[in-house]
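# A structural walkthrough
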Amino acid sequence: MPQPTPKAPRYRRILLKLSGEALMGTGDYGIDPEVIRRIASEIVEIIARGTQVAVVIGGGNIFRGAGLARAGMDRVTGDHMGMLATVINALAMQDSLEGLGAHARVMSALQINEVCEDYIRRRAIRHLEKGRVVIFAAGTGNPFFTTDTAASLRGIEIGADVLLKATKVNGIYTDDPMRNPTATRYTRLTFDKVLTDRLMVMDATAIVMCRDNNLPLQVFNLHNAGDLLRIIDGEDVGTVVANG
């Protein structure tokens, strides 16, 4: 019997935003090898479907510059240390992907030529076109900007079809579902409502950049195995934030 035609992916190119905390699993610090391996395996499956994948990873599982700044450390120094933490996570993700047979490149906003490439927009797009996973490290390279803002910026620069924000809950809720069991999930929102209601999905700068550059945002639960693939297949997962 003839084999069924594979389903065309919904997106040609995505930017996946992962928090550093997502890599900890059930631990309190560092990287859980099983968690990062599972995420890498889903990324490999996405590539097999024909979607180009770029990734931005935070560094909160290792170091939070803003937290130490509140404790008295110089904010610029703390943020630079946080950027270096994202490089560690990016290298770990690259290793997991390559262990599964994928090709990956870490591109840093800070110059660390001995361990990764410098971020150059045209080179990043070329890597994506060749089927390589591009992992953007060191945020924007500037203090006072979060990795959420870096994800929005890189997503816009590479022409991503959507920014996928991985969280601990399956979308955006009217209230914190961990504290309020009666909170309800939005299936679709506008960027303006997110800003007006202060829903704290991403920082305001990131939301405004997505809004002004018409880059849709989709929020989903990273811990629901397979949800990332279901998004690529066009299923209704999490919450979509878009204009109009």
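Remember, it's a predicted structure, so these values are computed and weren't measured experimentally.

### Digging into the packing of helix H1 (residues 33-48) against helix H3 (residues 75-99)
At a minimum axis separation of 9 Å, H1 and H3 run at an interaxial angle of 60 degrees. The angle between H1 and H3 falls in the class oblique. Both H1 and H3 take part in a crossing whose hand is right-handed. From H1, Ile36, Arg37, Ile39, Ala40, Ile43 and Val44 reach across to H3, where they touch Ala92, Met93, Ser96 and Leu97.

### Things to note about the nonpolar core
Across soluble globular proteins, nonpolar side chains have a tendency to be buried as a group. Within the largest apolar cluster, 40 residues are counted, with the highest numbers of intra-cluster contacts made by Leu18, Ile43, Val55, Met93, Leu97, Ile135 and Phe220. Once you skip the residues sitting within four places of it in the chain, Ile135 turns out to touch Val55, Ile57, Ala90, Met93, Gln94, Leu97, Ala104, Arg105, Val106 and Met107. If you look at the next biggest cluster of nonpolar residues, it comprises 29 residues, including Ala124, Ala151, Ile158 and Leu163.

### Here's the deal with unusual backbone geometry
For Phe144, which is not glycine, the phi dihedral falls at a positive 75 degrees. As for its placement among the helices and strands, Phe144 is situated in the loop between strand E5 (133-137) and helix H5 (147-158). Even without being glycine, Met200 reaches a positive phi, approximately 60 degrees. Relative to the helices and strands, Met200 is located in the loop between helix H6 (191-196) and helix H7 (204-212).

### Considering the packing of H5 against H7
In contact at an axis separation of 7 Å, H5 and H7 are set at 15 degrees when each is read in the N-to-C sense. Considering the angle they form, H5 stands roughly parallel to H7. Remark: the crossing between H5 and H7 carries left-handed chirality. Here Asp148, Thr149, Ser152, Leu153 and Ile156 of H5 lie close against H7, whose contacting residues are Thr205, Ala206, Met209 and Cys210. The class makeup of the residues in the contact of H5 with H7 is 5 nonpolar, 3 polar and 1 charged.

### Things to note about the environment of Ala206
Note on placement: Ala206 falls in helix H7. Spatially, the C-alpha atoms of Ala206 and Phe145 are 9.4 Å apart, while their sequence positions differ by 61 residues. Once you skip the residues sitting within four places of it in the chain, Ala206 turns out to touch Asp148, Thr149 and Ser152.

### Side note on the packing of aromatic side chains
The relation between two aromatic rings is expressed through the spacing of the ring centres and the mutual angle of the planes. The full count for this structure, using the stated rule, is 1 aromatic pair. Ring centres 5.4 Å apart and planes at 85 degrees place the aromatic pair Tyr119 and Phe136 in the edge-to-face group. Separated by 17 residues along the polypeptide, Tyr119 in the loop between strand E4 (117-118) and helix H4 (121-129) and Phe136 in strand E5 bring together distant segments of the chain. Overall, the relative accessible area of 17% leaves Tyr119 in the buried class. On the basis of relative accessible area, Phe136 is assigned to the buried category, the value being 3%. Over the aromatic face of Tyr119 sits the side chain of Arg154, whose NZ or CZ is 3.8 Å from the ring centroid. Lying across the ring of Phe136, Arg154 places its NZ or CZ 5.9 Å from the centre.

### So, the pairing of strand E1 (residues 13-18)
For E1, the tally of buried residues reaches 6 of 6 residues, placing the bulk of the element in the interior. Residues of E1 alternate between two faces, with Arg13, Leu15 and Lys17 on one and Ile14, Leu16 and Leu18 on the opposite face, all of them buried. In this fold, the crossover linking E1 to strand E2 (residues 52-57) by way of H1 has right-handed handedness. Across 4 bridges, E1 lies against strand E6 (residues 162-167) in parallel orientation. In the strand pairing of E6, Leu15 is matched with Leu163.

### Some remarks on the pairing of strand E10 (residues 217-221)
The side chains of a regular strand alternate between both faces of the sheet. With respect to burial, E10 is a largely interior element, 5 of its 5 residues being buried. Neither face of E10 is open: one carries Leu217, Val219 and Asn221, the other Gln218 and Phe220, and all of them are buried. As paired strands, E6 and E10 are joined by 5 bridges and run parallel to one another. Counterpart to Lys165 in the pairing with E10 is Val219. Summarising the sheet, E10 and strand E11 (residues 239-242) pair through 3 bridges and their orientation is antiparallel.

Calculation criteria
- Residues numbered from 1 in each chain as written.
- Predicted model: local features only at pLDDT ≥ 70, side-chain atom pairs only at ≥ 80, totals over all residues.
- Heavy atoms only, no water.
- Axes fitted to C-alpha atoms, helices over the stretch in contact; angles between N-to-C directions.
- Helix = DSSP H or I, 4+ residues; strand = E, 2+ residues; numbered from the N terminus.
- Parallel < 35°, antiparallel > 145°, perpendicular 65-115°, else oblique.
- Left-handed = near helix turned anticlockwise from the far one by under 90°.
- Contact = heavy atoms within 4.5 Å.
- Core = buried A, V, L, I, M, F, W, Y, C linked by side-chain atoms within 4.5 Å.
- Buried < 20%, exposed > 50% of the residue type's maximum accessible area, 1.4 Å probe, protein only.
- Nonpolar A, V, L, I, M, F, W, Y, C, P; charged D, E, K, R; others polar.
- Phe/Tyr/Trp six-rings, centres within 6.5 Å; stacked < 30°, edge-to-face > 60°.
- Lys NZ or Arg CZ within 6 Å of the ring centre and 35° of its normal.
- Right-handed = clockwise from strand over helix to strand, strands pointing away.
- Pairing = 2+ DSSP bridges.

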